[in-house]
Amino acid sequence: MSKEFSEETQSNFPRHPIEDAVVENPWERLRSFTDARIGLGRAGVSVPTKHLMSFQLAHAKAQDAVHTPLNSDELIKHLEAQAWNPSNTVLKLHSKASDRPEYLQRPDYGRMLDERSVEQLTQYRSNTNEEYDLAFAIVDGLSAFAIEENITPFLSTLVPQLTSQAEPWNIAPLCVVEQGRVAIGDHIGELLNAKCVVVLVGERPGLSSPDSMGLYLTWAPKTGLTDAYRNCISNIRMAGLSYSDASYKTLYLLTEARTKKLSGVNLKDRTGDEVLEHDGGVENFLIS
Amino acid sequence: MSTPSFQFRHTVGEKTFGFRDLKELMAKATPARSGDRLAGVAADNAEERAIAQMTLADVPLKQFLEDLLIPYEDDEITRLIIDEHSKEAFSPISHLTVGGFRDWLLSDLASPAVLKQIRAGVTPEMAAAVSKIMRNQDLILVAKKCHVTTAFRNTIGLPGHLSTRLQPNHPTDDLTGIAASMLDGLLYANGDAVIGINPATDNVAQACRLIKMMGDVIDQYEIPTQSCVLTHVTNTIEAIEQGAPVDLVFQSIGGTQATNDSFGFNLNTLAEAHDAALSLNRGTVGNNVMYFETGQGSSLSANAHHNVDQQTCETRAYAVARKFNPLLVNTVVGFIGPEYLYDGKEIIRAGLEDHFCAKLLGVPMGCDVCYTNHADADQNDMDNLLTLLGVAGCTFIMGIPGSDDIMLNYQTTSFHDALYARRALGLKPAPEFNEWLKKVEIFQNNDHFTLNHQVPDAFHQSLNRLIGRH
């Protein structure tokens, strides 16, 4: 049948006696070229226990990320104590979706504040004469983990750069939102009468990324705007887009938005133009 | 209280239920799912649903030719459905009601040959209607009798066979990463339906690069299969104009004109692409050159559903598919998320409905047996749906390393899952591909689907080139 491995390659391809229940795959080493779950080996034709267990754990983390509620009170206390935070008030808001099952089935509810939150913001607005350039909406979205892990390191990088500019951004009190989706930022920005809103939201968790935070920016926010009016920066997390890179991109978009007085499809992110393709000139190894 | 006018009424004891029109009746008769609740068209409660099903069972099939859910003037898919309906094919079933149609489909009168004869007489709405009053086992049993065979470089859909799409996606389209997943899939005997990549960067240049890469592999190893880059149809037309070796043209399709407008194409675009791909004449055993994807919820998500329930919208997409004689159609059933299909139960039901309706209409339906992490579903639900679809004679499933799509961030069936289905249900790959698997010694033993314990010669050298030197 198959040719024996030559001597020089024997050291690279371990031999697997067929008596073993698990047949390993010598091409498992190709995992250095991709995060795909290749070369898992097999028990009969099935996934070996070791890999089954690690898959189950990854799925469990992703599901927990979706269903674990945001600890907003703790987060608010923590944010209020940060030196970079321009306001000592952090507002706690809630969408129209009362709980997670409703949130998952009614995306329209997750885009609107509930009545209490609307009153709260209206009240707040009527007690102040501030002209806000920018409001931040910190939204649980589909992963509270993403917010809890990434919000402080990200904002502590970004906010000082905004407030120390020659033309400093006047930032509204931070808003922490439970059971929210991206578009709820427009509702908040509108009620605070802010020129711009930045939404920081827990993204839909992937199997290997349960903690990914997304950023959405709208100039002149008002309810009913579509995605075409937003700019997005995705995958902000320790193992993804770094806080300093994300902060750099955000600063770029905010500056452009303020200059052009717009956001969305007409505002292109040019910060990535220098990135080359990821091939590195490697040829397809399957072809001789 | 005002009295709305009801086209359909049903009285049970003291209580009368009314349904304004056929569209409302269809929606309320649909087994429960979150997308219809989101659209506000679902039955208010279980009793109303059961009554709607009872009422729908009494509707004559003929009525679906007169009483159009989306007006003829407003929608080119309605026009396609009506203009291409065959009275001759319809005549053997034209006297039936929806309920009578279910009985007939399950009866021995409906042999595979007869089911083939009536295809052109069945409209998507008739198929959707009867599916709504069928149990899961009915959907399986009848689908199994509907044989739909297509061909390009191999023959897909023969009874007793199950094919797989090898899906070697990579988040940056890295060629080495893609090749690694392709190798993994081929050595796990996957990839006879198509080797199909969802590109991370969606433009013509990238599509050409990936098409060429896959074409080279298929040529070098003489694999009787076909490749496809799942890019927008207009990109593929351009790629063909630029001389790219395009096997199959891909497009996501929906069941209303407005849905397809939102996808940026119409029937003319598909006709143009179909002609362009045929002109390349790259098939060896057949010339089915289109690959379509569908999925319940796409019309609602584009706000293009005309208050028609999501399963009926989905079935109307199969009229678009069958117009262009596709090699493969794939319902990506659990990808859209829990606002359309909430949990494992709803996903499984939808997968079986889509497969049944497509096969009844003569469409070569496969299924992306899948879920996202915010749906209430897991690997066990996927095992259930995979097994049920395997029994039902599903045309193909996806094959991906370890069920984890690192580009699209969802879970679908793995290379291993396909081998499970082969062993558990005795299902073979496409015959030409099966011969190749034996020839290159990927399969050691055809009857028991046993894989080679060693890396076969042909691939051993390639592997050596990459890691032998490290």
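About the criteria used
- Residues numbered from 1 in each chain as written.
- Chains lettered and ligands numbered in written order.
- Predicted model: local features only at pLDDT ≥ 70, side-chain atom pairs only at ≥ 80, totals over all residues.
- Contact = placed C-beta atoms within 7 Å.
- Helix = DSSP H or I, 4+ residues; strand = E, 2+ residues; numbered from the N terminus.
- Nonpolar A, V, L, I, M, F, W, Y, C, P; charged D, E, K, R; others polar.
- Buried ≥ 20, exposed ≤ 12 C-beta atoms within 10 Å, placed from the backbone.
- Pairing = 2+ DSSP bridges.
- Core = buried A, V, L, I, M, F, W, Y, C linked by C-beta atoms within 7 Å.
- Arc of directions from axis to C-beta.
- Axes fitted to C-alpha atoms, helices over the stretch in contact; angles between N-to-C directions.
- UniProt positions renumbered as here; feature names shortened; annotations may be inferred.

Q: Hey, could you run me through the interface of chain A and chain B in this one?
A: The figure often quoted for interface size is the accessible area lost as the parts come together. Contact residues are listed per partner, giving 48 residues for chain A and 53 residues for chain B. The greatest single-element share of the side of chain A that touches chain B, amounting to 6 residues, is contributed by helix α2 (residues 49-67) of chain A. Residues that form the side of chain A that touches chain B fall into these classes: 24 nonpolar, 16 polar and 8 charged.

Q: I'm lost on the pairing of strand β4 (residues 134-139) of chain A in this one. Help?
A: Remember that side chains alternate between the two faces of the sheet whenever the strand is regular. Residues and elements named next belong to chain A. In terms of residue burial, β4 counts as a mostly covered element, since 6 of its 6 residues are buried. Residues of β4 alternate between two faces, with L134, F136 and I138 on one and A135, A137 and V139 on the opposite face, all of them buried. Sheet topology note: the β4/strand β6 (residues 196-202) ladder contains 6 bridges and is parallel. Opposite V139, over in β6, you have V201 as the bridge partner. As paired elements, β4 and strand β5 (residues 174-178) share 3 bridges and run parallel to each other. Of the residues in β5, the one forming a bridge with I138 is V176.

Q: What exactly am I supposed to notice about the nonpolar core here?
A: Nonpolar side chains in soluble globular proteins tend to be buried together. Of all hydrophobic cores here, the largest spans 156 residues; its most connected members are M26(B), M182(B), L248(B), V249(B), Y291(B), V369(B) and I397(B). Top element by residues in this core is helix α18 (residues 344-361) of chain B. It accounts for 9 residues. When neighbours within four sequence positions are excluded, M182(B) is seen to be in contact with L286(A), L166(B), P168(B), I195(B) and V217(B). Counting residues in each nonpolar core, the second largest holds 62 residues, with A62(A), L79(A), I138(A) and V197(A) among its members.

Q: Please explain helix α21 (residues 431-439) of chain B as it appears in this structure.
A: For an α-helix, the turn length of 3.6 residues means that residues three or four places apart are oriented alike. All names here are of chain B. Regarding α21, the residues found buried are F433, W436 and L437. One side of α21 holds all its buried residues, which, seen down the axis, span an arc of 100 degrees. In this structure, the buried side of α21 is in contact with β15 (443-445). Positive backbone phi, approximately 65 degrees, marks E441, located one or two places after α21.

Q: What should I look at first to understand the sheet that holds strand β8 (residues 230-236) of chain A in this one?
A: Two orientations exist for strands paired in a sheet by backbone hydrogen bonds: parallel and antiparallel. All names here are of chain A. Spatially, the 6 strands line up as an open sheet ordered β3-β5-β4-β6-β7-β8, and their pairing is mixed. Edge positions in the sheet fall to β3 (90-94) and β8, since each of these pairs with one other strand and no more. Between one strand axis and the next, the sheet turns by 20 degrees as a mean value, whatever way the strands run. Contacts from helix α8 (residues 184-192) reach β3, β4, β5, β6 and β7 (213-219) within the one sheet, and its direction differs from that of β4 by about 145 degrees. Lying over the sheet, helix α9 (residues 243-260) contacts β6, β7 and β8, oriented at roughly 10 degrees with respect to β7.

Q: I would appreciate a short explanation of the UniProt feature "binding site: adenosylcob(III)alamin" (unreviewed entry) in chain A in the present structure.
A: All names here are of chain A. The UniProt feature table records "binding site: adenosylcob(III)alamin" (unreviewed entry) at V182, E203 and C232. For the annotated residues, spread through 51 residues, the largest C-alpha to C-alpha distance comes to 11.6 Å, consistent with a single compact locus. For V182, the location among the structural elements is in the loop between β5 and α8. Aside from chain neighbours lying at most four places away, what touches V182 is V199, V201 and Y216. The topology assignment puts C232 in strand β8.

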